[in-house]
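Structural overview
What follows is the residue order along each chain.
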Amino acid sequence: MRAYLDLLQHILDNGTDKGDRTGTGTRSVFGYQMRFDLQEGFPLLTTKKLHLRSIIHELLWFLSGDTNIKYLKDNGVRIWDEWATEEGDLGPLYGKQWVAWEKPNGETINQIAEVIETLKNNPNSRRMIVSAWNPADLPDESISPQENVKQGRMALATCHAFFQFYVANNRLSCQLYQRSADTFLGVPFNIASYSLLVHMIAQQTGYEVGDFIWTGGDVHLYNNTIEQAKIQLQREPLPLPKLKIGRKPESIFDYRFEDFEIVDYQSHPHIKAEVSV
Ligand code: U5P
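Residues numbered from 1 in each chain as written. Predicted model: local features only at pLDDT ≥ 70, side-chain atom pairs only at ≥ 80, totals over all residues. Heavy atoms only, no water.

Here we come to the overall build of the protein chain. Along its length, the protein chain carries eight helices and 10 strands. Since a compact globule built from 277 residues should have a radius of gyration of about 19 Å, the 18 Å found for the protein chain is in line with a globular shape. If one aligns the C-alpha atoms of the protein chain with their principal axes, the spans along those axes are about 45 × 45 × 35 Å. By residue count, 52% of the 277 residues in the protein chain fall in the buried class. In the protein chain, once contacts between residues fewer than 6 apart in sequence are set aside, the share between residues at least 24 apart is 71%. In the form shown here, the protein chain has an accessible surface area of approximately 13,100 Å², with 46% of it arising from carbon and sulfur atoms. (Helix = DSSP H or I, 4+ residues; strand = E, 2+ residues; numbered from the N terminus. Rg over C-alpha atoms; globule rule 2.2 N^0.38 Å. Buried < 20%, exposed > 50% of the residue type's maximum accessible area, 1.4 Å probe, protein only. Contact = heavy atoms within 4.5 Å. Areas by Shrake-Rupley, 256 points an atom, 1.4 Å probe, with all protein chains shown as cover.)

Let us look at the UniProt feature "binding site: (6R)-5,10-methylene-5,6,7,8-tetrahydrofolate" (unreviewed entry) in the protein chain. In this numbering, the UniProt entry assigns the feature "binding site: (6R)-5,10-methylene-5,6,7,8-tetrahydrofolate" (unreviewed entry) to His51, Asp182 and Ser276. As for its position among the elements, His51 is in the loop between β2 (26-37) and α2 (52-63). Turning to its location among the elements, Asp182 is positioned in strand β7 (residues 171-182). For Asp182, a relative accessible area of 14% gives the class buried. In this structure, Asp182 is in contact with Val187, His220 and Tyr222, ignoring residues within four places of it in sequence. Among the polar contacts made by the side chain of Asp182, one reaches the main-chain amide nitrogen of Leu185 at a distance of 3.1 Å. (UniProt positions renumbered as here; feature names shortened; annotations may be inferred. Polar contact = N/O pair within 3.5 Å; in protein donor to acceptor, adjacent residues only side chain to side chain.)

Moving on, we get to the UniProt feature "domain: Thymidylate synthase/dCMP hydroxymethylase" (unreviewed entry) in the protein chain. The feature "domain: Thymidylate synthase/dCMP hydroxymethylase" (unreviewed entry), as given by UniProt, occupies residues 3-277 in the numbering adopted here. A distance of 27 Å separates the end C-alpha atoms of residues 3-277, which is 29% helix and 24% strand.

The next thing to look at is unusual backbone geometry. In this structure, Asn169 takes a positive phi of about 50° despite not being glycine. With a relative accessible area of 76%, Asn169 lands in the exposed category. Unusually for a residue other than glycine, Asn170 sits at a positive phi of about 65°. In this fold, Asn170 is placed in the loop between β6 (160-168) and β7. Taking relative accessible area as the criterion, Asn170 reaches 43% and is therefore assigned partly exposed.

Quick look at the site of the ligand now. Within the structure, the ligand sits among 13 residues, and Arg21, Ser180, Asp182, His220 and Tyr222 are positioned closest to it. One of the side-chain nitrogen or oxygen atoms of Asn190 is found 2.8 Å away from an oxygen atom of the ligand. The side chain of Tyr222 places a nitrogen or oxygen atom 2.6 Å from an oxygen atom of the ligand. Relative to its unbound accessible surface of 460 Å², the ligand loses 84% to contact with the protein. Contributing elements (two or more residues each) for the shell around the ligand: β7 and β8 (208-222). (Near = heavy atom within 4 Å.)

To continue, consider the layout of surface pockets. By volume, the second largest pocket amounts to about 220 Å³. Lining the second largest pocket we find 13 residues, and of these Arg35, Tyr166, Ser173, Asp211 and Ile213 sit closest to its centre. Mapped onto the lining of the second largest pocket, the elements with two or more residues apiece are β6, β7 and β8. Residue composition of the lining of the second largest pocket, grouped by class: five nonpolar, five polar and three charged. (1 Å grid on protein atoms, 1.4 Å probe; cavity = no way out; pocket = protein on both sides within 12 Å on 5 of 7 lines; lining within 4 Å. Points joined across faces, edges and corners; volume = space filled by probe spheres on them. Nonpolar A, V, L, I, M, F, W, Y, C, P; charged D, E, K, R; others polar.)

A separate point is the side chain of Thr47. Mapped onto the fold, Thr47 is located in the loop between β2 and α2. At a separation of 2.7 Å, a polar atom in the side chain of Thr47 contacts the side chain of Gln232. Setting aside chain neighbours within four positions, we find Thr47 in contact with Leu5, Gln232, Arg235, Glu236, Pro237, His268, Pro269 and Ile271.

Membership of the largest hydrophobic core comes to 78 residues, with the highest contact counts inside it found for Trp80, Trp98, Phe163 and Trp214. Here the element with the most residues in this core is helix α7 (residues 187-205); it accounts for 10 residues. Those residues in contact with Trp214, other than ones at most four positions away along the chain, are Leu7, Tyr32, Gln33, Met34, Phe36, Leu176, Gln178, Ala181, Val187, Ile191 and Val219. (Core = buried A, V, L, I, M, F, W, Y, C linked by side-chain atoms within 4.5 Å.)

Take a look at the structure:
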C-alpha cells in the first residue's frame, strides 16, 4: 500500500487549499491514479486498522439493489446514517443504478448482470462498463440530502461513479473513476470495496484476478484529517493480507457475508477522524 502513502504525500506537497460543499475546507489535487496488482495480496490498508465488515455488508447491499439503510442498520453498519431520511431512504443511489437503472419506458437495466454476461461471452469487449452516474437522478447541491430524497433524487451524488472491466492473459482487471475522493476516510474503503468486487466477479466468470486501477478526480484531504495523514506517513506499510471466499455461489447476487474471510491482516492502530457531511 505504498501507493496510498505516495498519494497522501502528493496531496500534501502539491495540493491547493480549496473550499468545499461541507464547509470543512480541503487540500486538493485534480487527477490521480493508483494501480493494485490483486495477485500480490488484498489491498486493505495496513498503515491504519480498517474493518472489512462494513465494506462487505455495503457491497452486498449495493448488489441487492437496496437503497434503504435498514439492512445496514440491522448489521451494525452506520456509514450511510447521516444521509438517510427518517425512514432510512437514500433515493436512487448505487444499488438502484447498478442493478435497476431505469429507462424512459420504465423498464430497468441490470448493469452488473450484463457485464458478467459479456465477460463470459465476449471478454474482448471494450464496453464492459457500469455507470452509477445518472444525471437525471442527481441531487440539488443547495438543499439537504434528506430533502433531495423526498423529491425523488439521490441523497448524495455518487462518488465512485463509473467502472470498466478488462480481460487479458485470463486475468480480470477493473478501473474505477471516482469523481470525488476523501483520501483519508473514503479512499481506503473504496479500494477495498472494488477489490472485493473484482474477486467476486472473477470467481463468477472463471478468470484470475488482475489489477484494480483507481482513478480519482477531485482528490482531497479535508483540513481536519491532515494531521492524521501525517501520522500515517510515519508508519511503515506491512505485508498485505489475503482474501478467502469460502464457496462459489450460484450468481453474483447470491453471496453472503459469511462467504468472506480476510487472512493474515496485520495493521498499525486505528486513527480517529471526523467525517465531513
Ligand atoms: N466520499 C468518498 N467515497 C465515497 C463516498 C463519499 O470519498 O464512497 C466523499 C467524497 O470524496 C467527498 C464527499 O468528500 O464524500 C462527497 O461530497 P461531494 O463530492 O458530493 O461534495
